[in-house]
Amino acid sequence: MVTIKSKREIELMREAGRIACLAQKEIEKAIKPGISTYELDKIAENVIRANGGIPAEKGYPSGRKGIPDFPGSICASVNDEVIHGIPSKRAILKDGDIVSIDLVAYKNGYHGDCARTYIVGKVPENTKKLVDVTKQAFFEGIKFAKKGYRLGDISNAIGTYVENNGYSVVKEFQGHGIGAQMHEDPGIPNYGKAGRGIRLEPGMTLAIEPMVIMGNDSILELEDGWTIITEDGSLAAHYENTILITEKEPEILTKL
Ligand code: MG
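Report on the accompanying structure. (Residues numbered from 1 in each chain as written. Predicted model: local features only at pLDDT ≥ 70, side-chain atom pairs only at ≥ 80, totals over all residues. Heavy atoms only, no water.)

**Details of the overall build of the protein chain**
Quick note on the threshold: Helical segments are the DSSP runs of H or I of at least four residues, strand segments are the runs of E of at least two, and each set is numbered from the N terminus. Any two residues whose heavy atoms approach within 4.5 Å at even a single point are treated as in contact. Only the protein chains shown count as cover for residues, with accessible areas throughout obtained via the Shrake-Rupley method and a probe of 1.4 Å. Counting rule for charge: Lys and Arg are taken as positive, Asp and Glu as negative, and neither His nor the chain ends is counted. Positions of charges follow a simple convention, taking NZ of Lys, CZ of Arg, CG of Asp or CD of Glu.
Helix and strand content of the protein chain: 4 helices and 15 strands. The C-alpha extent of the protein chain, read off along each of the three principal axes, is 45 × 40 × 40 Å. Taking as baseline every contact in the protein chain between residues at least 6 positions apart, the subset at least 24 positions apart corresponds to 70%. Roughly 11200 Å² of accessible area belongs to the protein chain as shown, and the carbon and sulfur atoms make up 51% of that amount. Across the protein chain, the 32 positively charged side chains and the 36 negatively charged ones have centroids separated by 5 Å.

Pasting the structure below:
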C-alpha cells in the first residue's frame, strides 16, 4: 500500500531528511586518502545521534539464516562495490577511489534516506563522468516526480539517461516508498516503460536512487551476505534523495 503523508508527517520527514543530509555533509568534509569507512561510519552516527536521531541501517535485519544484521550506521561501498558495503577499519580510502555512502536517519517515527558517491583525491575523467551521470540520472528522474505522471515515467527517465551515457543501471535493487517504514511501497526500478505503474499523488514520499555501473549490469554478492559488487570489476556509483510529491515541483526532503 502506498501511503499519503499528512502535513504533520511531512514536517517530521523534513526533519529526518535534514539530519540525513547533515550526516552526508560531515562525511563529505572528512573524505580524504587515509580515512577508513569505519571512521566515516562514526562521523555519521555521531551527527545523527547528536540531532536526536537514530542511524536506521544499524541492526537492519538480514532476514537470512547465518547472515548477521547490518552492523554499520552507513553503507560504504568502495569502487566496484555497488551498495551495502560494510564499514570497516580495514577499508582505508586512497587517492583515486570513489566511495558510495548510503545512510538513513530515523527520528520521531520517520525516515530520511540519501546516498552520495564521493571522489577521493584525484580520479580519471571517466570516473568523474560516472559519478556525474549517476547524480544527474536522479534529477532526470524527478522531472517526472509530479502529480499526473506515473511511476514508470521516473524509472524510464533514469534508465534512458544512464544508457544513453553508455552505462548500466542495476536491475536487482531499486528505490522505494519511505515514511514510518524505511522501505514502503512502491518499489521504484531504475529502468522500465514510461506511462506504466501507479499515478503519482501529492503526499507520496519516495526514495529515488539510481545505482549505476560503468560496465555491464551483472552483480554479485560477497560472502558477508551484504556487499554487492560488479561482476566485471568496473566502478559503480549511487545517488539518492528522499522526495515529496506535491501539487507542483517535487520537494527534496534530504536537504539542509
Ligand atoms: Mg538509501
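From this point on, the discussion continues.
**Points about the sheet that holds strand β11 (residues 219-221)**
Threshold: When DSSP locates at least two bridges between a pair of strands, those strands are taken to pair. Each axis is a line fitted through C-alpha atoms, and for a helix only the stretch in contact is used; angles between axes span 0 to 180 degrees, taken between their N-to-C directions.
Taken together, 3 strands build an open sheet; the order of strands is β3-β12-β11 and the sheet is antiparallel. In this open sheet, the two strands that pair with only one neighbour each are β3 (81-83) and β11. On average, each strand axis in the sheet is tilted by 40° relative to the strand beside it, whichever way the strands run. Relative to strand β12 (residues 228-230), β11 is paired through 3 bridges, and the arrangement is antiparallel. Along β12, the bridge assignment pairs Glu221 with Ile228.

**A look at the sheet that holds strand β8 (residues 184-188)**
Here 5 strands make up an open sheet; going across it, the order is β8-β7-β9-β14-β15 and the pairing antiparallel. One side of each edge strand has no neighbouring strand; the edge strands of this open sheet are β8 and β15 (251-252). Two strands pair when backbone bridges link them, and strand β7 (residues 175-177) and strand β9 (residues 205-208) are joined in this way by 2 bridges, in the antiparallel orientation. By the bridge assignment for β9, His176 is matched with Ala207. Sitting on the sheet, helix α4 (residues 151-164) touches β8 and β9, and the angle it makes with β8 is about 40°.

**Some remarks on the coordination of the magnesium ion**
We apply this condition: Donors, by definition, are the N, O and S atoms found within 2.8 Å of a metal, the threshold being 3.2 Å for Na, K and Ca, and water is not counted, so a site can look incomplete. Each residue's exposure class comes from its accessible area (1.4 Å probe, protein chains only) as a fraction of the maximum for that residue type: buried when under 20%, exposed when over 50%, partly exposed otherwise.
For the magnesium ion, the protein coordination sphere consists of Asp102 (OD), Asp102 (OD), Asp113 (OD) and Glu240 (OE), at 2.0 to 2.7 Å. Of note, the magnesium ion draws all its donor residues from one chain, in the sequence arrangement D-x10-D-x126-E. Highlighted residues: Asp102 in strand β4 (residues 98-107) and Glu240 in the loop between β13 (236-238) and β14 (241-244), separated in sequence by 138 residues. No difference in accessibility class separates Asp102 from Glu240, as the two residues are buried.

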